[in-house]
Amino acid sequence: MKKNLALILVMVMMVMTLAGCTGGEAETLSKVEQIKSEGKIVLGTAADYPPYEFHKEIDGQDQIVGFDIEIAKAIAEELGVELEIVDMKFEGLLPALVTDDIDFIIAGMVAKEERKKSVDFSIPYYQAQQRMIVKSEDSETLKTPDDFEGMKIGAQKSTIQEEIALDKFASAEYVGLSKITDLVLELKNGTVDGVILVEPVAKAYVSQNDDLFLADEILGQEDGVAVAINKGNEDLVQEIDKVLQSLMDEGMIEKFIADATALAEE
């Protein structure tokens with residue numbers, strides 16, 4: 001009887017030990033291992049930013065496309081998982097990443113020092129100049145920030161363009177909105193007099209709207225856009241850096257940009 005009881009106790013201890021090991025292993029899975037075990041990686045983006053990311057009807061279906069999306073697809077392919085895209089307001093991206101509602105952000109995001117306090121970034125994969133669009137009828141009168149005294153300048157909230165508006169257009173009234181499409185609509189309707197955009201985006205909207213004009217003034221150059229990853233996930237940062245470096249070395253980023261720009265102009 002004592003032998004049976006001892007045997008039962010040993011078996012119970014073994015089961016508890018195995019259960020504890022299993023739970024520990026699950027808890028210590030790296031981010032890349034978690035993504036692979038789930039079979040998908042969740043991208044957070046703000047799809048109103050052509051040619052970076054934007055909505056396009058293709059074969060009768062609304063799809064999110066753009067050169068950022070092609071980069072995200074390449075990352076998912078390298079990891080051997082499906083890509084799930086979550087479209088949200090730009091200012092909501094970082095909070096969603098910090099709470100692990102998404103796995104990474106690709107949204108034309110500049111790796112600013114303030115953002116680095118809460119998340120990590122990949123190597124930069126693209127750098128562009130900042131420009132301003134106005135209505136075509138104002139192309140001769142609204143050329144520089146000084147021309148906007150007493151007028152309204154628009155930019156997307158929580159972006160480098162917002163910082164430029166507040167810094168270089170101090171004599172103008174700043175109007176911040178969450179979506180680029182809304183800003184462009186406000187410009188066309190005359191509610192704002194100009195909108196600050198990163199150059200590829202500015203060119204994309206001007207090419208699609210005959211009543212809009214791209215001013216010659218260069219308002220600055222961004223530090224370089226990068227992929228954002230939640231802190232503590234160095235393995236995912238390394239995997240993403242590897243993909244980005246490969247894409248840049250092969251000239252694929254330029255191809256993605258050219259293809260996305262052409263698609264945005266269709």
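Residues numbered from 1 in each chain as written. Predicted model: local features only at pLDDT ≥ 70, side-chain atom pairs only at ≥ 80, totals over all residues. Heavy atoms only, no water.

Glancing now at empty space enclosed by the protein. Left-over empty space is what a probe sized like a water molecule reveals as it rolls over the atoms. Throughout the structure, instances matching the rule amount to one cavity of 30 Å³ or more. Together, Tyr-49, Phe-90, Ala-107, Gly-108, Met-109, Val-110, Arg-115, Gln-156, Thr-159, Ile-160, Gln-161 and Glu-222 line the largest cavity. Looking at the lining of the largest cavity residue by residue, the classes come out as six nonpolar, four polar and two charged. (1 Å grid on protein atoms, 1.4 Å probe; cavity = no way out; pocket = protein on both sides within 12 Å on 5 of 7 lines; lining within 4 Å. Points joined across faces, edges and corners; volume = space filled by probe spheres on them. Nonpolar A, V, L, I, M, F, W, Y, C, P; charged D, E, K, R; others polar.)

This part is about the layout of surface pockets. A volume near 170 Å³ is recorded for the largest pocket. In this structure, the largest pocket is lined by Gln-63, Ile-64, Val-65, Gly-66, Glu-70, Lys-73, Ile-85, Lys-255, Phe-256, Asp-259, Ala-260 and Leu-263. Only β4 (61-65), α3 (67-79) and α10 (252-265) provide two or more residues apiece to the lining of the largest pocket. Considering each element in turn, the lining of the largest pocket owes the most residues, five residues, to α10. By residue class, the composition of the lining of the largest pocket is six nonpolar, two polar and four charged. (Helix = DSSP H or I, 4+ residues; strand = E, 2+ residues; numbered from the N terminus.)

This part covers the packing of aromatic side chains. Under the criterion given, the structure shown has five aromatic pairs. With 4.8 Å between their ring centres and 35° between their planes, Tyr-49 and Tyr-52 make a pair best called tilted. Both residues of the pair, Tyr-49 and Tyr-52, count as buried. Summarising the aromatic geometry, the rings of Tyr-52 and Phe-67 are spaced 4.7 Å apart at their centres and angled 40° between planes, so their arrangement reads as tilted. (Phe/Tyr/Trp six-rings, centres within 6.5 Å; stacked < 30°, edge-to-face > 60°. Buried < 20%, exposed > 50% of the residue type's maximum accessible area, 1.4 Å probe, protein only.)

To continue, consider the sheet that holds strand β5 (residues 82-87). Within the open sheet, the five strands sit side by side as β5-β1-β6-β14-β7. Their pairing is mixed. Edge positions in the sheet fall to β5 and β7 (119-121), since each of these pairs with one other strand and no more. Pairing analysis gives two bridges linking strand β1 (residues 40-45) to strand β6 (residues 104-105), with the strands arranged parallel. Bridging across to β6, Gly-44 finds its partner in Ile-105. Packing of helix α9 (residues 234-249) onto the sheet brings it into contact with β1, β6, β7 and β14 (228-230), and relative to β14 it is tilted by some 160°. (Pairing = 2+ DSSP bridges. Contact = heavy atoms within 4.5 Å. Axes fitted to C-alpha atoms, helices over the stretch in contact; angles between N-to-C directions.)

Remark: α3 packs on α9, axes separated minimally by 10 Å, with the N-to-C direction vectors making an angle of 120°. With respect to their mutual orientation, α3 and α9 come out oblique. Viewed along their axes, α3 and α9 form a crossing whose handedness is right-handed. For the pair α3 and α9, contact is made by Ile-71, Ala-74, Ile-75, Glu-78 and Leu-79 and by Leu-236, Glu-239, Ile-240, Lys-242, Val-243, Leu-244 and Leu-247, respectively. Split by residue class, the contact of α3 with α9 holds nine nonpolar, no polar and three charged. (Parallel < 35°, antiparallel > 145°, perpendicular 65-115°, else oblique. Left-handed = near helix turned anticlockwise from the far one by under 90°.)

Taken together, three strands build an open sheet; the order of strands is β2-β3-β4 and the sheet is antiparallel. Whereas interior strands pair on both sides, the edge strands pair on one side only; in this sheet they are β2 (48-49) and β4. Bridging between strand β3 (residues 53-58) and β4 involves five bridges; their strand directions are antiparallel. Pairing of His-55 across the sheet is with Ile-64, part of β4.

A few words on α9. Taking 1.5 Å per residue, 16 residues should reach 22 Å; α9 reaches 22 Å between its end C-alpha atoms and fits that length. One or two positions beyond α9, positive phi appears at Gly-251, with a value near 75°. (Expected span 1.5 Å × (residues − 1).)

Another point: the confidence of the model for the protein. On average, the protein scores 90 in pLDDT, and the residues at 70 or more come to 89%. Per-residue pLDDT stays below 50 along residues 5-10; that stretch engages in zero contacts with residues further than four places along the chain or on separate chains. Long-range and interchain partners of residues 21-26, a stretch whose pLDDT sits below 50, account for zero contacts in this model, where long-range means more than four residues apart. (pLDDT = per-residue confidence, 0-100.)

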